[in-house]
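Single-letter residue listing:
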Amino acid sequence: MLESVEPLHSEASSSKDPVVIYRDGPFRFIPATLSQPPRIEFGEADKLFGLSCIIESMRGGRGPAYADPKSIALYKYAARVARSDANVMITGQTGTGKEGVARYIHENSARADKQLVTVNCAAITETMIESILFGHKKGAFTGAYASAVGLFKEADGGTIFLDEITEMPLESQSKLLRVLQEGEILPVGATRHEKIDVRIICAANRNFAEEVKAGTFREDLYWRLNVMPVELEPLSARPADIVAISAFMMMDFQKGQKKFVSLSQCCIERLKAHHWPGNVRELANVLQRALVMCDGDRIEARDLMFSGESLSSGPKQDAVQPGSSARFLRGRDLQSISKSVEYDAITKTLEQTNGNRREAAKELGISERTLRYRMADMRALAA
């Protein structure tokens, strides 16, 4: 039995809608060429995966992949948020797609023709964060051989996405508050403020209210940012999204490949049954591993390899394994001995606080950011 379906059309369709052939036999996906639209062939055994691939082909990779009723409601809300110019606060576990939502809001806003600047606040050192965000003048500090435009100025007229904003130092938070209140920045070393027009979208995997209560995040800044809250559900709570995202990833991972590997129905059921502590990032890892190991035309449930089954789905504590500081000692010079004593104190304090970085940092009299750097050094030396 062979049934050919005409190219599909919808408001969201691309200029080359897929040609769909519903028939018995293996799944086939032929990407679009300059002269031909994409072609998708499948039968009853691949119906769910096939329908998801049709939708992703019609989307053309634009915007996040989703199909779950919870996500449909969320993106309807996000579209309304996008039409306003209000600041947005996105919360959710690591890997749930916070940056994707931020990009969706920007691309559906009146600022879409301007730049979206993404900043990972946790990746910027405490001493450089203000210079990177707000810019600096020549000679403002050692090494400032020329003036630099900060990321807020780069985003002027557009949107800036501040990811992991709860990692921002309190002093920098106060300067960010002025940006929100006055619409102006003061570059490091400058004497005059500069006017800017930027929409702020922020995100974190920590609980903002708890950070405010702990004194690590300013309450006045919280209320300024939390105008339009967006809360993302864990991937395990959105089973239909797992299929949609998997279809998108399989098409993306196999670009340029001669043979297209699909997902069997039992594989999809296994993916939907997993609890996904790493959310979308973990899903990407599982599918990439399965593609490497699969020899057939379909990935079966037995081909899936899950890791980190015992990982917590909450924010990572990054506890250092207990043990003697001697494993960090690389010599008998004073610097090595000093590091050994320091690392021993960090290890013991983390043991006493059950791996809680915030409490350990408070006990040690250092910032949580500094503690994180020290722990990274310890892991590198122990490797």
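Everything that follows concerns the structure shown earlier in this document.
Quantities reported herein were computed from a predicted structural model and do not represent experimental measurements. (Residues numbered from 1 in each chain as written. Predicted model: local features only at pLDDT ≥ 70, side-chain atom pairs only at ≥ 80, totals over all residues. Heavy atoms only, no water.)

As for the overall build of the protein
A count of helical and extended segments in the protein gives 14 helices and 13 strands. Out of the 383 residues in the protein, the part that is buried amounts to 45%. A fraction of 67% describes how many contacts in the protein between residues 6 or more apart in sequence connect residues 24 or more apart. Put simply, the protein shows about 20,000 Å² of open surface, and 52% of that area lies on carbon and sulfur atoms. (Helix = DSSP H or I, 4+ residues; strand = E, 2+ residues; numbered from the N terminus. Buried < 20%, exposed > 50% of the residue type's maximum accessible area, 1.4 Å probe, protein only. Contact = heavy atoms within 4.5 Å. Areas by Shrake-Rupley, 256 points an atom, 1.4 Å probe, with all protein chains shown as cover.)

Observations regarding the pattern of salt bridges
What the rule picks out here adds up to 17 salt bridges. Overlapping salt bridges bring together Arg23, Arg28, Arg39 and Glu41 as one network. (Salt bridge = Lys/Arg side-chain N within 4 Å of Asp/Glu carboxyl O.)

Re a nonpolar patch on the surface
On the surface, a nonpolar cluster with roughly 310 Å² of combined accessible area is contributed by Val292, Met293 and Met305. Considering the arrangement of structural elements, one finds Met305 in the loop between β13 (298-299) and α12 (334-352). (Patch = residues over 30% accessible without salt bridge, like charges linked within 9 Å, V, L, I, M, F, W, Y side chains within 5 Å.)

Describing the side chain of Glu56
In this fold, Glu56 is placed in helix α1 (residues 47-59). Residue Glu56 is classed as buried on the basis of its relative accessible area, which comes to 5%. Setting aside anything within four residues of it in sequence, one finds Glu56 in contact with Gly61, Ala65, Ala244, Ala247, Phe248 and Met251.

Side note on helix α11 (residues 279-293)
Along an α-helix, residues three or four positions apart point the same way, because every turn accommodates 3.6 residues. Taking 1.5 Å as the rise per residue, α11 with 15 residues should run 21 Å; its terminal C-alpha atoms sit 22 Å apart, in good agreement. Among the residues of α11, those classed as buried are Asn279, Val280, Glu282, Leu283, Ala284, Val286, Leu287, Ala290 and Leu291. Packed against the buried residues of α11 are α9 (239-253), β12 (262-263), α10 (265-273) and β13. (Expected span 1.5 Å × (residues − 1).)

Quick notes on the sheet that holds strand β10 (residues 199-204)
The sheet built from five strands is open, its strands ordered β6-β7-β10-β5-β11 with parallel pairing. In the strand order of this sheet, the two ends are held by β6 (116-120) and β11 (228-231), each with one partner. Each strand axis lies, on average, 15 degrees off the axis of its neighbour in the sheet, ignoring direction. Pairing geometry for strand β5 (residues 88-91) and β11, over four bridges, is parallel. Residue pairing in the sheet places Met89 in a bridge with Pro229 of β11. (Pairing = 2+ DSSP bridges. Axes fitted to C-alpha atoms, helices over the stretch in contact; angles between N-to-C directions.)

Section: the packing of aromatic side chains
Under the definition given, this model contains 12 aromatic pairs. Measuring from ring centre to ring centre gives 5.6 Å for Tyr22 and Phe42, while their planes differ by 85 degrees; the resulting arrangement is edge-to-face. With a gap of 20 residues between them, Tyr22 in strand β2 (residues 19-23) and Phe42 in strand β4 (residues 39-42) connect regions that are remote in the sequence. The exposure class assigned to Tyr22 is partly exposed, which follows from its relative accessible area of 25%. Ring centres 6.3 Å apart and planes at 40 degrees place the aromatic pair Phe208 and Tyr222 in the tilted group. Within this pair, whereas Phe208 is found in helix α7 (residues 208-214), its partner Tyr222 is found in helix α8 (residues 219-225), the two being separated by 14 residues in sequence. Aromatic ring contacts, followed pair by pair, group Tyr22, Phe27, Phe29, Phe42, Phe49 and Phe260 into a single cluster. (Phe/Tyr/Trp six-rings, centres within 6.5 Å; stacked < 30°, edge-to-face > 60°.)

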